[in-house]
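# Inside the fold
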Amino acid sequence: MKRFCIALITGIFASLASGAQVYIAPGGSDGNPGTVDAPKATLNAAIRQVREQRRLNQVGESSILLKGGSYHLTEPVFIRPEDSGTPGNPLMIAAAPGATPVLSGGILINDWRKPAEPLRGLPEAAQGKIWMADVPPEAGSIPFRQFWVNDKKAVRARSTSGNHMQRILNWDKKTATAIIPLHPFENLEVTPGLEFFMHQWWEVASLRIRKLEKAGDSCRVYFYEPESRIQNEHPWPAPWLSAETGNSAFYLDNALALLDEPGEWYADATLRKIYYYPRPGEDMAVAETVLPVLENIFVIHGTPEQPVENVVIKGLRFQYSAWHRPSLQGHVPHQAGLYMTDAYKLKPAGTLQKPSLDNQAWVGRPEAAVGLSYANHIRFEDNRFEHLAATGLDFKIGVKSLAVTGNLFKDIGGTAIQGGYFGDDGAEIHKPYNPTDPRVICENITVANNLITDAGNEDWGCVGIGMGFSRMVTIENNEIENIPYSGISMGWGWTPLKNIMTGNRIRQNRIHHYGRTNYDCAGIYTLSAQPGTVIEENYIDSIYKAPYAHLPTHWFYLYTDEGSSGITIRNNWTPAQKYLQNNNGPGNHWENNGPQVAATIKANAGLEYRYDALRKERTSGNVHQDINKQRKELVELVSDNSKRIDITKLKVFLREKKVEQATVEQWQNHTVLYGLIPDVNVLRGQLQKAFRGITIKVYHDMVYEFDRATRCSAADVAKDWTDIIMTANLVNDPRKQQEYLDYHATQFEKWPEVANGFCKAGFQQLRVFKNRRQLMLVISIPKGKKLYELNPKTMENNPRVNDWNKIMSGYQEGIEGTPKGETWVMFE
């Protein structure tokens, strides 16, 4: 009898436990009760069952457990106010023990085959190498922008190879057209979906092509509305046109005629076919290929009156989201991926709140795979956000007491984690945000111990973590790496006026390998007034050399931008003090930032020990791109007449502008300054105002660098140096100019004797800068030594140096005013 009672009691507890836990599995059925042995099939059905159990007071603890496998969603998962838990009994949606559940917004593409006959319009070189499949009916008629093969994103067929891009020739404001080289588009026809992708300043633009007008050796590109007008009228950012650093880079994509490289794909919307050029080793008979369909995978959506509360999401994978808008309306973002719905230049400049403002802009918000609105006490723990087209996780409005901890964000098309207010409800963006209803504010949010890697791989202006107007936000112990722009962006509005931002904390994050494509960036970047905000004990290092940056040195480790005020920046480790404070408001406090910061701070930044497993997901090791470092900048000032610039006045000016280690030298009416310049572009404008009637040339392009510390076996680096500066021209022959650059690019490998000679002579550093065809040579030697004494040592028992010098002489000539028979002139 006692045994029967025990068995009965055990059975009751088992029944209660099964009622409190609802299981789902890919092979389940929504008609099942949701037990471990009879699971449901969909998460929405499980959520409804728990909701009904709560309504009928039939549940104490409530958990929804997902068994392993992929759940291919036909609609987003929705969490509503009626699904709320309580502080002591939150709604738990989690992976079953040991399981790896995937919530997928994509559909599988099957039955790959090779075309039976040649494809019309496909490049000849690709014929016979392409595989094709039918787009399933369940995909609908939406345009497709992403495609994955074996978890690796494929590349939409494009006009350039690998990471290479071409340069626009011009942008015509009168006709709102881009003018590009005709080659290789001589035979290209406009087909539905053909797009123009352009890099511009700190952002990019994707524009749908309406017409190609070919004439001579150029091609004029016309675009569809509404993006054509917005792209043409907005001033920031705009197409970059510069003889010094090169015009904006571009490529065309999404046409069968461009499908010519392994890893590229194209979807024909009319024929409903998808074409793919496999990478080496990919077997299309067994490859898992996914086409994303849903823009939103998981949505938590409450109301101001009844927010969703007390929900925990743990151990899930959110994969394969889409984003369709760029295919329908183009994509012209203002900053951090927020796309402009209208924008134009103010003539004359000024608004009541901001007399100097020269533009107006209104923005929209990209779709997010996982989004929250009006939600309190929500936790995301140990999840994976992967293979997503736009934003990964977005807390949009009215989100409070949110914790995002221990998650992986990898292969994200846009910003990995985004939150706060950006004016995306229709407000002009250059204004403070002070809502009358506090329920709409995002506040008391913690983002901690997450790894963010390979984000922003479609919109290169997106960031790792991007917060708009929000308050009491803590961002700590995250690792952010391999991203195209800034690591963390905190703030919005470009205003020093009072707004809701206050008390934010950005601390102990590890940010490295950023700025892969776009500059005007920083490891940590801020906007607008946010009193009480503290940025401390972060580690920031290793910014990439972005190949198409509009200004090659316009990058920073820390950057307080327009209106930033009331912020404390202290004890952050960076390899140099390359920071920018641009048009800041009052009350910022900078203290002890740079390479001298304690090693313990450097060591403690980033993921805490228990999250070490995330580190194996880093992707920066797969990127073969040079790392940038702070260097001295070289600027030339040329007087319009023979009168020299007042050197004393210039040196006082440079001290006021905090130019450090400055060398100032002259030759005739040419003055050069060489030093550590916080922002050379800003300095150019300041010089122009201070010294009227001069021509200013910035030598952005450093085409050669010898450094004793890295190139000489006995690296006895002198403590103090003297910089010797000389100038000459390259001959006026583009072919020979390129040969000169090629020689210097391979000198260390093919002519090692030259560097050996520099080592023997005691040269500390040797740099060659270029602006158009003018060269500047800077030779740094130990202080107290003379160049005429050291230079002969480069050739001692070293005939190859003589050979090198003889070859180089064929590429060089003197600048105007150089004495006859000479090539290089030395500044004094």
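Source: prediction; values computed, not measured. (Residues numbered from 1 in each chain as written. Predicted model: local features only at pLDDT ≥ 70, side-chain atom pairs only at ≥ 80, totals over all residues. Heavy atoms only, no water.)

Okay, the overall build of the protein chain next. From N to C terminus, the protein chain includes 13 helices and 57 strands. For the protein chain, the C-alpha atoms occupy an extent of roughly 115 × 70 × 60 Å along the three principal directions. Looking at the protein chain as a whole, 59% of its 828 residues qualify as buried. Summarising the internal contacts of the protein chain: among those between residues at least 6 apart in sequence, 75% fall at separations of at least 24. Here the protein chain contributes 90 positively and 91 negatively charged side chains, and the mean placements of these two sets differ by 3 Å. (Helix = DSSP H or I, 4+ residues; strand = E, 2+ residues; numbered from the N terminus. Buried < 20%, exposed > 50% of the residue type's maximum accessible area, 1.4 Å probe, protein only. Contact = heavy atoms within 4.5 Å. Lys, Arg positive; Asp, Glu negative; His and termini not counted. Charge placed at Lys NZ, Arg CZ, Asp CG, Glu CD.)

Attention now goes to the sheet that holds strand 17 (residues 218-223). Taken together, the seven strands give an open sheet; going across it, the order is 12-18-15-16-17-14-13, and neighbouring strands pair in antiparallel fashion. Two strands close off the open sheet at either side, each with one partner strand: strand 12 (166-167) and strand 13 (170-172). Sheet topology note: the strand 12/strand 18 (residues 249-253) ladder contains two bridges and is antiparallel. Across the sheet, R167 pairs through a bridge with A249, a residue of strand 18. (Pairing = 2+ DSSP bridges.)

Among the nonpolar cores identified, the biggest contains 79 residues, and I93, F298, L372 and F395 are the most heavily contacted of them. It is strand 28 (residues 368-381) that contributes the most residues to this core, six residues altogether. Residues contacting L372, with those up to four places away along its chain left out, are I300, I378, F380, L393, D394, F395, K396, I397, V399 and L402. Within the second largest apolar cluster, 58 residues are counted, among which are L119, M132, Y266 and A336. (Core = buried A, V, L, I, M, F, W, Y, C linked by side-chain atoms within 4.5 Å.)

Further remarks concern the state of the cysteines. Here the structure, examined in full by the defined rule, presents one disulfide. A sulfur-sulfur distance of 2.0 Å marks the disulfide that ties C712 to C759. Because the torsion about its S-S bond is -95 degrees, the bridge between C712 and C759 counts as left-handed. Here C759 lies in helix 11 (residues 752-761) and C712 lies in the loop between helix 8 (708-711) and strand 53 (721-730), a separation of 47 residues in the sequence. Here C712 falls in the buried class, since its relative accessible area comes to 8%. Among the residues examined, C759 registers a relative accessible area of 14% and is labelled buried. (Disulfide = S-S within 2.5 Å.)

What follows concerns the sheet that holds strand 6 (residues 101-104). The sheet built from nine strands is open, its strands ordered 3-6-24-29-31-34-37-40-43 with parallel pairing. Of all the strands in the sheet, the pair left with one neighbour each is strand 3 (69-72) and strand 43 (539-543). With direction set aside, neighbouring strand axes in the sheet form an average angle of 10 degrees. Here strand 40 (residues 510-514) runs beside strand 43; their pairing, made up of four bridges, is parallel. Along strand 43, the bridge assignment pairs Y514 with I543. (Axes fitted to C-alpha atoms, helices over the stretch in contact; angles between N-to-C directions.)

Note that strand 42 (residues 529-536) and strand 45 (residues 565-570) share five bridges and pair parallel. By the bridge assignment, V534 is partnered in strand 45 with T568. Alignment of strand 45 against strand 47 (residues 589-591), held across three bridges, turns out to be parallel. Each bridged residue has a counterpart across the sheet, and for R570 the counterpart in strand 47 is E591.

Turning to the packing of helix 9 (residues 734-745) against helix 13 (residues 799-809), a few remarks are in order. Pairs of packed helices are described in terms of their axes, by the angle between the two and the distance that separates them. Where helix 9 contacts helix 13, the axes come no closer than 10 Å and their chain directions differ by 155 degrees. One finds that helix 9 runs roughly antiparallel with respect to helix 13. Where helix 9 approaches helix 13, its residues Y740, Y743 and H744 are matched on the opposing element by W804, I807 and M808. Residues belonging to the contact of helix 9 with helix 13 are distributed by class as follows: five nonpolar, one polar and no charged. (Parallel < 35°, antiparallel > 145°, perpendicular 65-115°, else oblique. Nonpolar A, V, L, I, M, F, W, Y, C, P; charged D, E, K, R; others polar.)

Attention shifts here to the environment of L212. Mapped onto the fold, L212 is located in strand 16 (residues 203-215). When the C-alpha atoms of L212 and E195 are compared, they prove to be 11 Å apart, with 17 residues separating the residues in sequence. Those residues in contact with L212 that lie beyond four places of it in its chain are L188, V190, C219, R220 and V221.

Turning our attention to the pattern of salt bridges. Counted according to the given criterion, the structure contains 45 salt bridges. Residue K345 is joined to D358 by a salt bridge in which the shortest nitrogen-to-oxygen separation is 3.9 Å. Linking K345 in strand 26 (residues 338-345) with D358 in the loop between strand 26 and strand 27 (359-364), this pair joins segments that are 13 residues apart in sequence. The partly exposed category is assigned to K345, whose relative accessible area is 40%. The class of D358 is buried, set by a relative accessible area of 18%. (Salt bridge = Lys/Arg side-chain N within 4 Å of Asp/Glu carboxyl O.)

Below, the discussion takes up unusual backbone geometry. For the bond from E225 to P226, the omega torsion is 10 degrees, close enough to zero to count as cis. At N254, a residue that is not glycine, the phi angle is positive and equals roughly 75 degrees. With respect to the helices and strands, the residue N254 is situated in the loop between strand 18 and strand 19 (264-268). When its relative accessible area of 8% is taken as the criterion, N254 is described as buried.

To continue, consider helix 9. Helix length check: helix 9 (twelve residues) gives 16 Å between terminal C-alpha atoms against 16 Å at 1.5 Å per residue, within 8%. Every buried residue belonging to helix 9 is among Q737, Y740 and H744, and all of these are buried. Take helix 9 and look down its axis: the buried residues cluster within an arc of 60 degrees, on one side only. The residue sitting at the N-terminus of helix 9 and contributing the capping side-chain oxygen is D733; that oxygen lies 3.0 Å from the backbone nitrogen of R735. (Expected span 1.5 Å × (residues − 1). Arc of directions from axis to C-beta. Polar contact = N/O pair within 3.5 Å; in protein donor to acceptor, adjacent residues only side chain to side chain.)

With that out of the way, let us pick up the side chain of S780. Tracing the chain through its elements places S780 in strand 55 (residues 774-782). Ignoring any residue separated from it by four or fewer positions in sequence, one finds S780 in contact with W721, T722, D723, F763, Q764 and Q765.

A separate point is the packing of helix 6 (residues 647-656) against helix 7 (residues 680-690). Following both chains from N to C, one finds helix 6 and helix 7 inclined at 140 degrees, their axes separated by 12 Å at the closest point. What the angle tells us is that helix 6 and helix 7 run oblique. Crossing of helix 6 over helix 7 shows right-handed handedness. For the pair helix 6 and helix 7, contact is made by K649, L650 and F653 and by L683, Q686, L687 and A690, respectively. Residues belonging to the contact of helix 6 with helix 7 are distributed by class as follows: five nonpolar, one polar and one charged. (Left-handed = near helix turned anticlockwise from the far one by under 90°.)

The subject of this paragraph is the side chain of S63. With respect to the helices and strands, S63 occurs in strand 2 (residues 63-66). In this structure, S63 is in contact with A20, Q21, V22 and M92, ignoring residues within four places of it in sequence.

We describe a pair of aromatic rings using the distance from one ring centre to the other and the angle between the two ring planes. If you walk through the whole model with that rule in mind, you get 39 aromatic pairs. Ring geometry for F147 versus W265: centroids 5.5 Å apart, planes at 45 degrees, classification tilted. Taken together, the positions of F147 in the loop between strand 8 (131-134) and strand 9 (148-149) and W265 in strand 19 put the pair 118 residues apart, joining distant regions of the chain. Aromatic side chains F197 and W460 sit 4.8 Å apart centroid to centroid with 70 degrees between the ring planes, which places their arrangement in the edge-to-face category. Residue F197 is found in strand 15 (residues 195-200), and its partner W460 is found in the loop between strand 34 (451-453) and strand 35 (465-467); the two are separated by 263 residues along the sequence. W460 shares its class with F197; the two are buried. (Phe/Tyr/Trp six-rings, centres within 6.5 Å; stacked < 30°, edge-to-face > 60°.)

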